[in-house]
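The chain contents come next:
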Amino acid sequence: MTGKKEMKIMYDIGIIGGGTAGMTAAIYGQRAGKRTIIIEGGTFGGQITSSPNVENYPGIASVSGSEFSMNLLDQAMKLGAETQVTGIRDEGEVKVIVTPEKEYPCRSIVLATGVTHRHLGVPNEERLTGAGVSYCATCDGMFFRGKEVAVVGGGNTAIQDAEFL
């Protein structure tokens, strides 16, 4: 050991989450000339990767969710990635993203951790997700136009989805 202290790179923007929102934040950060890093714990792309067909994104008539995600990732390729975030530490002007491998000092942090759908646990639900089972009426309702559908749930979202459909 040479006794030299490891030089840590200061990031302007640290982004936790590599889905559509996180990668979009990274692209805009990079375009603004900011040193940006994305840290994703799973697979880049988020939930949209499981969509067989995305037709509601402005400027893109039709694309698979996985292709859409790969296009975003390609656009944001200059960014780094780590396996998981174990914490965030506030050191005043600097925020530190902590992972098992390393710590990343940042001037700001964007949390784009996405959502998880609440599954019913019924037979074949996972297999039929994206092929008949949907979790977003405004996203996927068009695919079921003219067909009988069922909305499961008892909260405001279920009522709004039923009205929309």
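Refer to the preceding data block for the structure.
Throughout this document, residue positions are counted from 1 along each chain, in the order its sequence is written. In view of the model being predicted, local features appear only for residues whose pLDDT reaches at least 70, and side-chain atom pairs are presented and counted only at 80 or more, with totals across whole chains, interfaces and linings using the full set of residues. Working from all heavy atoms in the structure, the side-chain values ignore hydrogens and water.

Further remarks concern the packing of aromatic side chains. In summary, the pairing rule links any two rings of Phe, Tyr or Trp, Trp by its six-membered ring, whose centres are within 6.5 Å, and it sorts them by plane angle into stacked for under 30 degrees, edge-to-face for over 60 and tilted for everything else. Applying the stated criterion across every chain yields a total of 2 aromatic pairs. Pairing Tyr11 with Tyr104 gives two aromatic rings, centres 6.0 Å apart and planes at 55°, and the pair type is tilted. Taken as a pair, Tyr11 in strand 1 (residues 11–16) and Tyr104 in strand 5 (residues 103–111) lie far apart in primary sequence, 93 residues in all. As far as burial versus exposure is concerned, Tyr11 and Tyr104 are alike and both buried. Secondary structure elements are taken from DSSP: a helix is a run of H or I of four residues or more, a strand is a run of E of two residues or more, and numbering for both begins at the N terminus. Relative accessibility decides the category of a residue: with a 1.4 Å probe and only protein chains considered, values under 20% of the type maximum give buried, values over 50% give exposed, and everything between is partly exposed.

Further remarks concern a nonpolar patch on the surface. To count toward a patch, a residue needs a relative accessible area over 30% and no salt bridge; like charges are then connected within 9 Å, while nonpolar side chains (Val, Leu, Ile, Met, Phe, Trp, Tyr) are connected within 5 Å. Per-residue and other accessible areas follow the Shrake-Rupley method at a 1.4 Å probe size, with only the shown protein chains counted as cover for residues. The salt bridge definition used is simple: a Lys or Arg side-chain nitrogen within 4 Å of an Asp or Glu carboxyl oxygen. Nonpolar side chains collect at one region of the surface, where Val149, Val151, Phe164 and Leu165 lie side by side and expose about 340 Å² of accessible area between them. Relative to the elements of secondary structure, Leu165 occurs in the segment after helix 5 (156–164). When its relative accessible area of 45% is taken as the criterion, Leu165 is described as partly exposed.

All right, on to the sheet that holds strand 1 then. By the convention used here, strands pair only if DSSP detects at least 2 bridges between them. The 5 strands lie next to each other as 2-1-5-4-3, forming an open sheet whose pairing is mixed. Of all the strands in the sheet, the pair left with one neighbour each is strand 2 (36–39) and strand 3 (87–91). Taking the axes of each pair of neighbouring strands and ignoring which way they run, one obtains an average angle of 45° across the sheet. Pairing geometry for strand 4 (residues 94–98) and strand 5, over 4 bridges, is antiparallel. Each bridged residue has a counterpart across the sheet, and for Val96 the counterpart in strand 5 is Pro105. The axes used here are C-alpha line fits, helices contributing only the stretch in contact, and every angle between their N-to-C directions lies in the interval 0 to 180 degrees.

This brings us to the side chain of Thr99. Position of Thr99 relative to the elements: it lies in the loop between strand 4 and strand 5. We call two N or O atoms a polar contact when they sit within 3.5 Å, provided that within protein one can donate a hydrogen and the other can accept it, with sequence-adjacent residues counted only if both atoms are side-chain atoms. Of the polar contacts made by the side chain of Thr99, one reaches the backbone oxygen of Lys102; its length is 2.9 Å.

Interhelical geometry of helix 1 (residues 20–31) versus helix 2 (residues 65–75) gives an angle of 25° and a closest axis separation of 9 Å. If you check the angle between helix 1 and helix 2, you find them roughly parallel. The handedness of the crossing between helix 1 and helix 2 comes out as left-handed. Residues Thr20, Met23, Thr24 and Ile27 of helix 1 form the contact with helix 2, whose own contacting residues are Phe68, Ser69, Leu72, Leu73 and Gln75. Think of it as three bins: nonpolar holds Ala, Val, Leu, Ile, Met, Phe, Trp, Tyr, Cys and Pro, charged holds Asp, Glu, Lys and Arg, and polar takes everything else, Gly as well. When grouped by side-chain class, the residues that make up the contact of helix 1 with helix 2 number 5 nonpolar, 4 polar and no charged. Roughly parallel here means an angle under 35 degrees, roughly antiparallel means over 145, roughly perpendicular means 65 to 115, and every remaining angle is called oblique. Should the near helix be turned anticlockwise from the far one by less than a right angle, the crossing is left-handed, and should it be turned clockwise, the crossing is right-handed. We call two residues in contact when some of their heavy atoms are within 4.5 Å.

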